[in-house]
Number of protein chains: 2
Amino acid sequence: MANVNIGLIGLGNIGSGVVEIIQSNVDLIEKRTGVRISIAAACSRSKDKALALGIDPKIHTTDYRQVIANPQVNVVVELVGGYEPARTIILEAIKAKKHVITANKAVLARHGYEIFEQATKNGVNVLFEASVGGCIPIIRTIEESYSSDNIESIYGILNGTTNYILTRMSEGMPYEEALKKAQALGFAEADPSFDVEGKDASQKLSILASLAFDARIETEAYTEGITRITAQDLAYASELGYAIKLLAIACKDRDGIGLHTHPTLVPKSSVLANVSNEFNAILLKGRNTGELFLSGKGAGKLPTATVVVTDIIEMGSRTRITQRRFEKVTIKPFAKSKSRFFLRLDLANKPGVLAKITRILGENNISIAAFNQKEDAGDFVPVVIITHQALEGEMEKALSECGKLDIVKPEPVLIRIADL
Amino acid sequence: MANVNIGLIGLGNIGSGVVEIIQSNVDLIEKRTGVRISIAAACSRSKDKALALGIDPKIHTTDYRQVIANPQVNVVVELVGGYEPARTIILEAIKAKKHVITANKAVLARHGYEIFEQATKNGVNVLFEASVGGCIPIIRTIEESYSSDNIESIYGILNGTTNYILTRMSEGMPYEEALKKAQALGFAEADPSFDVEGKDASQKLSILASLAFDARIETEAYTEGITRITAQDLAYASELGYAIKLLAIACKDRDGIGLHTHPTLVPKSSVLANVSNEFNAILLKGRNTGELFLSGKGAGKLPTATVVVTDIIEMGSRTRITQRRFEKVTIKPFAKSKSRFFLRLDLANKPGVLAKITRILGENNISIAAFNQKEDAGDFVPVVIITHQALEGEMEKALSECGKLDIVKPEPVLIRIADL
């Protein structure tokens, strides 16, 4: 298949970028790769948009079924986003024996296994490099470069919005202001909850972990966003030698797979600490290959569209049908996950308070590694505690006991530490 | 070709790693990718080595011609290294219509165009991911992920030996001691000149630039090693906010391609500054994709062997024959390259000296951005000058004029600054 005739469904931001890149680089691509790309059909709600992009009106439709049914089309590119009709489009295209390309992490995180199963059954390929990590070739790296190695862990900064916000906050900007700035720059949606609550990163992590561990992941992983982090926490962390990043973490050991997304203290010396603004990054650890670190723009019209075009080119260059096999795996309960912790408590400024807190921690097998309390005349003073390795379950129990005391102001802030 | 029957030529460090990985992961690889790898023939000077690796004596030979002639073999894996007989092995395999995999950057840098031309003529693929950047999938990234984009620049830390030495020197260790330590750890050869003089990095840069710019590069690029850098220079640089790295740089603009390898001051805030020890790293800039940064282990038996196995798997999954086309390009003369400079001079400790130096710089259009001279009672005192952007040619002229003065101790140290 050296001629790839795509049917493009969705002409939004990424879709129009794909059209632009094909229009300007079609000859360069053919010269370099031998693959000739043509847009055989395009579907969008508005015909004007298609015309403005220079798409031949004869190949435009407002009904995606016509794109799938078009005998010219051999690859369907779904750039609609969201769950529906994206899922239906993808499944119908597969049933019509068309290869599929998508940039849609949401539909893959929720319906990926169904989609991959149908693809295998119908002998077609589904490529989705643009769904995770923006312009970082992470899907290819896991599926190709690591196909003869065993991945042990993935640490990812997978959401550009929250990384942008945390970068501004590390410079002292309050959360609300950083969020507004991100929205003004187009990095955050009007309703930012999906990003700031960590769900976007968590969905992307599921996709990566499925591929890395050949795993069928059906339990919801622990997910915590950045809304409770304050610029003060970032300042404390910085003083202690750490940055705070929203990390999506997947680790595999003999006991199973650990999978969690949450704000994390990362030593400033780590490559992940230096990933700023809207950039994404992934630190992969393979048994034989050791650490591989990748970082690049996490979003944006042309970076993402370039990656979609790369998938289109790949459709023209390979015959192999990827048979993704996902096995039942044990997902470790988060309560059994172990890490060091950063704990910020606002404690009543009176005698005996610290003794009570440290007793509760001790009774729950949590040992203190560092302690920071500054002179303060208020009724409540902020205290920062860094612990040694402790279990999530025991930390949760300790915090709930502390919460019952009127000497602790709600809510304490708990941030995991990744020793990278 | 779902069954890849390799003929392995060379059972040294990487070759034995390839055997080990295939032996232990052959089923995993088949399950994941549908590609079944078998070792159909193996060639090494010593039969004992092959036996120790568990290779069937019936498929072993000491004559590489028998591997190429073996009708079972459909992919020849050349892991001999060096120029000859590697070049002959590769060309004979191609003429016998066998696909070729190599990890040999030297033979590609010197004979790459001949090899790729013959491969195209004979309809076979040559893959060489392991030749540059260790376990970083840089060849794939350039040839696949960037096939629809235009790469504007490449900044690479492509030699693990020198990066290890510079890392130790940044901690205050003298060059000679750092080199000995690298040799003791197996990171540097007994004769380290190829690495420390920058030639290894320069060869790898040629390969990357050829692919990135579709360019036929036949002129020798400017190459300078790390042997004249002192721990003192690293300390000065650090004080000014820079690390020193051996960078291989390729840039393309309207005037042509700039190509040079030399020690470089890199701002500490840059991702490249934080690449330590034997790690390699590459910062790619694409017109549409923006910056992509990759970093990973630059060498080592299992990391490199894993990458060779990845190429073997790819041979089993694709039908496309890569048609690499390299066009005549203009390589910009190094004298016309522009950068800021770090200049360390040992100047006579007497009146009027600085006036002479600054006059020479000024006459050559070199303007001073920062200046550092510490109190010192010696006959000669070290002076560090940071310049604004200046031309290589003019800087060279200025330095040669300074060199004629007996107030300047030979040899001044000149290091380029990359504003990343």
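The structure displayed is predicted, hence computed values, not measured ones.

1. With respect to the relation of the copies chain B and chain A
If you rotate chain B by 180° and push it 0.0 Å along the axis, it lands on chain A with an RMSD of 0.0 Å. The relationship between the two copies is best expressed as a two-fold rotation axis. With an isologous cut-off of 70% or more, the 100% of interface residues of chain B that recur at the interface of chain A puts this contact in the isologous class.

2. Topic: the sheet that holds strand β6 (residues 126-127) of chain B
Residue and element names in this part refer to chain B. Spatially, six strands are ordered β3-β2-β1-β4-β5-β6 in an open sheet, and the strand pairing comes out parallel. At either end of the open sheet lies a strand with only one pairing partner, and these are β3 (60-61) and β6. Where strand β5 (residues 99-102) meets β6, two bridges bridge the pair, whose relative direction is parallel. Bridged to Ile101 within β6 is Leu127. In the packing of helix α1 (residues 13-33) onto the sheet, contacts are made with β1 (3-9) and β2 (36-43), and the angle to β2 comes to roughly 160°. The strands touched by helix α4 (residues 86-95) within the sheet are β1, β4 (75-78), β5 and β6, with β4 carrying the most contacts at an inclination of about 175°.

3. Brief notes about the nonpolar core
Note that soluble globular proteins tend to have their nonpolar side chains buried in a common cluster. Counting residues in hydrophobic clusters, the biggest one holds 220 residues, and the most contacted among them are A:Ile138, A:Ile312, B:Ile138 and B:Ile312. Of all hydrophobic cores here, the second largest spans 28 residues; its members include A:Leu247, A:Leu272, B:Ala281 and B:Ala418.

4. So, the interface of chain B and chain A
Facing the 46 residues of chain B at the interface are 46 residues of chain A. Together chain B and chain A conceal approximately 4,200 Å² of surface at their shared face, both sides included; 47% is due to carbon and sulfur atoms. Among the residues of chain B in contact with chain A, B:Arg32, B:Ser148 and B:Asn288 are the three that bury the most area, contributing 16% of the side total. Counting every contact that joins chain B to chain A gives six salt bridges. Of the charged contacts, one joins A:Glu327 and B:Lys31 as a salt bridge, the two residues approaching to 2.7 Å between their closest N and O atoms.

5. Regarding a nonpolar patch on the surface
A cluster of nonpolar side chains, contributed by A:Leu354, A:Ile368 and A:Phe371, occupies part of the molecular surface with about 210 Å² of accessible area. As for its position among the elements, A:Ile368 is in strand β16 (residues 368-373).

6. Digging into the packing of helix α6 (residues 138-145) of chain A against helix α6 (residues 138-145) of chain B
Relative to each other, α6(A) and α6(B) sit at 125°, their axes nearing to 11 Å. By the angle between their directions, the pair α6(A) and α6(B) is classed as oblique. The handedness of the crossing between α6(A) and α6(B) is right-handed. Here α6(A) contributes A:Arg140, A:Glu144 and A:Ser145 to the contact with α6(B), which in turn contributes B:Arg140, B:Glu144 and B:Ser145. Looking at the contact of α6(A) with α6(B), its residues break down into no nonpolar, two polar and four charged.

7. Section: the sheet that holds strand β1 (residues 3-9) of chain A
The strand order across the open sheet built from six strands is β3-β2-β1-β4-β5-β6 (chain A), with neighbouring strands paired in parallel fashion. Only two strands of the sheet have a single partner each, and these edge strands are β3 (60-61) and β6 (126-127) of chain A.

8. As for unusual backbone geometry
Residues and elements named next belong to chain A. Of the consecutive residues Glu84 and Pro85, the connecting peptide bond is found in the cis state with omega at 5°. Here Pro85 lies in the loop between β4 (75-78) and α4 (86-95). Phi angles above zero are rare outside glycine, and Asp214 is one such case at about 50°.

9. Quick word on the domain arrangement of chain A
All names here are of chain A. Assigned domains of chain A: these are domain 1 (3-134), domain 2 (138-297) and domain 3 (334-417). With centres defined by C-alpha atoms, the gap from domain 2 to domain 3 works out at 25 Å. With 18 residues of domain 2 at the interface, the matching set in domain 3 holds 17 residues. Taken together, the two surfaces of domain 2 and domain 3 that pack against each other cover about 1,500 Å², and 60% of this comes from carbon and sulfur. Together, Arg228, Tyr236 and Leu265 form the three largest contributors to the area buried by domain 2 at its contact with domain 3, with a combined 36%. Linking domain 2 with domain 3 are two salt bridges. A salt bridge links Arg344 to Asp233; its shortest N-O distance comes to 2.3 Å. On the surface where domain 2 and domain 3 come into contact, there are five residue pairs in polar contact (both at pLDDT 80 or more). Contributing elements (two or more residues each) for the side of domain 2 that touches domain 3: α11 (231-239), β10 (242-253) and β11 (256-267). Residue composition of the side of domain 2 that touches domain 3, by class: nine nonpolar, five polar and four charged.

Thresholds, definitions, all that
The residue numbering used here restarts from 1 in each chain and proceeds along that chain's sequence as written. Chain A is the first chain written and ligand 1 is the first ligand written, with later ones labelled in order. In keeping with the model being predicted, local features are shown solely for residues with a pLDDT of at least 70 and side-chain atom pairs are shown and tallied solely at 80 or more, while totals for entire chains, interfaces and linings include all residues. Excluding hydrogens and water, the side-chain values take into account all heavy atoms of the structure. Each copy is superposed on the other by least squares, with the fit set by C-alpha atoms of residues at a pLDDT of at least 70 in both. Whether two residues are in contact is decided by their heavy atoms, any of which lying within 4.5 Å being enough. Any two strands between which DSSP finds at least two bridges are classified as paired. Helical segments are the DSSP runs of H or I of at least four residues, strand segments are the runs of E of at least two, and each set is numbered from the N terminus. Lines fitted to C-alpha atoms define the axes here, with helix axes fitted over just the stretch in contact, and angles between the N-to-C directions of these axes take values from 0 to 180 degrees. We call a set of buried residues a nonpolar core when its members are Ala, Val, Leu, Ile, Met, Phe, Trp, Tyr or Cys and they connect through side-chain atoms within 4.5 Å of each other. Only protein chains enter the area calculation, which uses a 1.4 Å probe; residues under 20% of their type maximum are buried, those over 50% are exposed, and those in between are partly exposed. For any pair of parts, buried area is found by adding up, for both, the accessible area (1.4 Å probe) each one loses once the two are put together. Counted as salt bridges are all cases of a side-chain nitrogen of Lys or Arg within 4 Å of a carboxyl oxygen of Asp or Glu. What makes a patch is a set of residues exposed beyond 30% relative accessible area and free of salt bridges, joined within 9 Å when like-charged and within 5 Å when nonpolar (Val, Leu, Ile, Met, Phe, Trp, Tyr). Accessible surface area values rest on a Shrake-Rupley calculation with a 1.4 Å probe, where residue burial reflects the displayed protein chains alone. With respect to orientation, any angle under 35 degrees is reported as roughly parallel, any angle over 145 as roughly antiparallel, any angle of 65 to 115 as roughly perpendicular, and every other angle as oblique. Each crossing gets its handedness from the near helix: less than a right angle anticlockwise from the far helix is left-handed, clockwise is right-handed. Think of it as three bins: nonpolar holds Ala, Val, Leu, Ile, Met, Phe, Trp, Tyr, Cys and Pro, charged holds Asp, Glu, Lys and Arg, and polar takes everything else, Gly as well. The split into domains, and so the bounds of each, comes from an automatic or database assignment of domains. Residues adjacent in sequence count toward polar contacts only when both atoms are side-chain atoms; beyond that, a polar contact is any pair of N or O atoms within 3.5 Å, and within protein one must be able to donate a hydrogen and the other to accept it.

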